[in-house]
Amino acid sequence: MRNITIYLALSLCLLASKLVAQDQTNPTFESKAKAIAEKITSITNEEKSNLKTEVGEVNLQLEKGTITKEQAEDRKKKLAEARAAIIENRIAVAQLELKDLVQKQVDGKIVENDTLKQGKYSLEFPSLKVKDKSKDQNQVGEYRTTSQLVLATGFNNLVTNGAVANSDFKYNRSSSFMEWGISFNTRIFKTNNIYHFKYGLTGVYNLLTPTDNRYFVDTNGQTTLATYPTELRQRDTYFKNVFVTVPLFLEFDFSKKQFDKNNNRIFKIEKGFRFGIGGFVGYNTNSKQFLSYEENGYRINERQKGNWNVSNYNYGLSTYFGYKATSLYLKYDLNPMFKNNIVKQNNISLGIRFDFN
């Protein structure tokens, strides 16, 4: 499952390539998000091409007999790991751009072009409609099962002894989460548009930045915070968990009823207020700690990979409430983040969620 979230994110970014006809003189939030998605796709294609070239050179050496089969396999493995790390680091930059973009959207700093509002241009995200045989062929509107591109980001922290106040971790954007993936929305009743079952597959990054120049250490099976001997650069110092999750929701869609010119009912989603409640289960693909500091005039970035006794699986409750494609999103892990710690700490995330239908 190593690096599966990277490849999941890349494949989903390819889906976003169907954005059409926008005025580039005044880019909208959606057009900027598309540009970031294209950047991630470009990074992947470039690094995959580089890896293919490197593997080809190893195969050539194997054919010439200058290396053994075991040596060739070992080199290929190391090359793949190195390229995966490069992809992850380069995508992390795009992730920060996306977080800043969302913050600007929330702060109202992105103004949409008037021509878009007048209908001169249109925006279409790929809907990946799933043909449902139960759909009445005479019924106008969407299929009972449709799909959405999911994107969410916001703040992340730990609940300790039932409270998130006075946390050992920062509350700003350095302690954050990001989630992206694909979800499917099924209207439960054929002629009722309120009740929906929502499910899918997402990749999740949970980041935590300790306060007071501290970092995580594993001592005899207990994961605790210790003071680092050198002054850490807080902006580039954080602890990251990566999960592949399966979210499940019961969604209530309060979109107004719509009718065609023949007065036939039209079933469409995300045209009004929405409320979802449910949960998720996930698998931890990796845990890493990033430390950044200066020594003798040089900036040193250190990446530590381990498990720090992080639970292999996570599960919890989640809910969202919003209007059309945008929602306020809350998630809470029912299982502790560290499985053996005496003090139980549970992850909590609060942010903005987008479901592009």
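Residues numbered from 1 in each chain as written. Predicted model: local features only at pLDDT ≥ 70, side-chain atom pairs only at ≥ 80, totals over all residues. Heavy atoms only, no water.

J.: So what exactly am I meant to see when it comes to the pairing of strand β12 (residues 313-323) here?
T.: Of the two faces of β12, only one is covered, namely that formed by Asn314, Gly316, Ser318, Tyr320 and Gly322; the face formed by Tyr313, Tyr315, Leu317, Thr319, Phe321 and Tyr323 stays uncovered. Sheet topology places strand β10 (residues 273-295) next to β12; 11 bridges connect them, and they run antiparallel. From the neighbouring strand, isoleucine 277 faces β12, where its bridge partner is threonine 319. Sheet analysis places β12 next to strand β13 (residues 326-333), joined by eight bridges and oriented antiparallel. For serine 318, the partnering residue across the bridge sits in β13 and is lysine 331. Between β12 and the antiparallel strand that follows it, β13, lie two residues; lysine 324 among them carries a positive phi value of about 55°. (Buried < 20%, exposed > 50% of the residue type's maximum accessible area, 1.4 Å probe, protein only. Helix = DSSP H or I, 4+ residues; strand = E, 2+ residues; numbered from the N terminus. Pairing = 2+ DSSP bridges.)

J.: Explanation requested: the environment of glutamate 231 in the structure shown.
T.: Considering the arrangement of structural elements, one finds glutamate 231 in the loop between β6 (222-227) and β7 (238-253). What makes glutamate 231 exposed here is its relative accessible area of 59%. In the structure, glutamate 231 is positioned 64 residues away from glutamate 295 in sequence and 9.4 Å away in space, judged by C-alpha atoms. Residues within four places of glutamate 231 in sequence aside, it is in contact with Asn213, Ser292 and Tyr293. (Contact = heavy atoms within 4.5 Å.)

J.: Can you walk me through the packing of aromatic side chains in this structure?
T.: Aromatic ring pairs are defined here through the distance separating the ring centres and the angle between the ring planes. Tallied over the entire structure, the rule returns 20 aromatic pairs. Here phenylalanine 184 and tyrosine 199 contribute two aromatic rings whose centre-to-centre distance is 5.9 Å and whose plane-to-plane angle is 25°, an arrangement assigned as stacked. Note that phenylalanine 184 is positioned in strand β3 (residues 176-189) and tyrosine 199 in strand β4 (residues 192-208), a separation of 15 residues in sequence. The exposure class assigned to tyrosine 199 is partly exposed, which follows from its relative accessible area of 26%. Their ring planes at 25° and their centres at 4.8 Å tell us that tyrosine 238 and phenylalanine 290 sit as a pair that is stacked. Of this pair, tyrosine 238 sits in strand β7 while phenylalanine 290 sits in strand β10, and the two are 52 residues apart along the sequence. Under the relative-accessibility criterion, phenylalanine 290 is labelled buried at 10%. One aromatic cluster is present, built from ring pairs that chain together Phe169, Phe216, Phe239, Trp308 and Phe338. Positioned above the aromatic ring of phenylalanine 267 is the side chain of arginine 187, whose terminal nitrogen or guanidinium carbon lies 4.4 Å from the ring centre. Above the face of the tyrosine 320 ring, arginine 353 is positioned so that its terminal group lies 5.0 Å from the ring centre. (Phe/Tyr/Trp six-rings, centres within 6.5 Å; stacked < 30°, edge-to-face > 60°. Lys NZ or Arg CZ within 6 Å of the ring centre and 35° of its normal.)

Shape is all these values report; function is a separate question.
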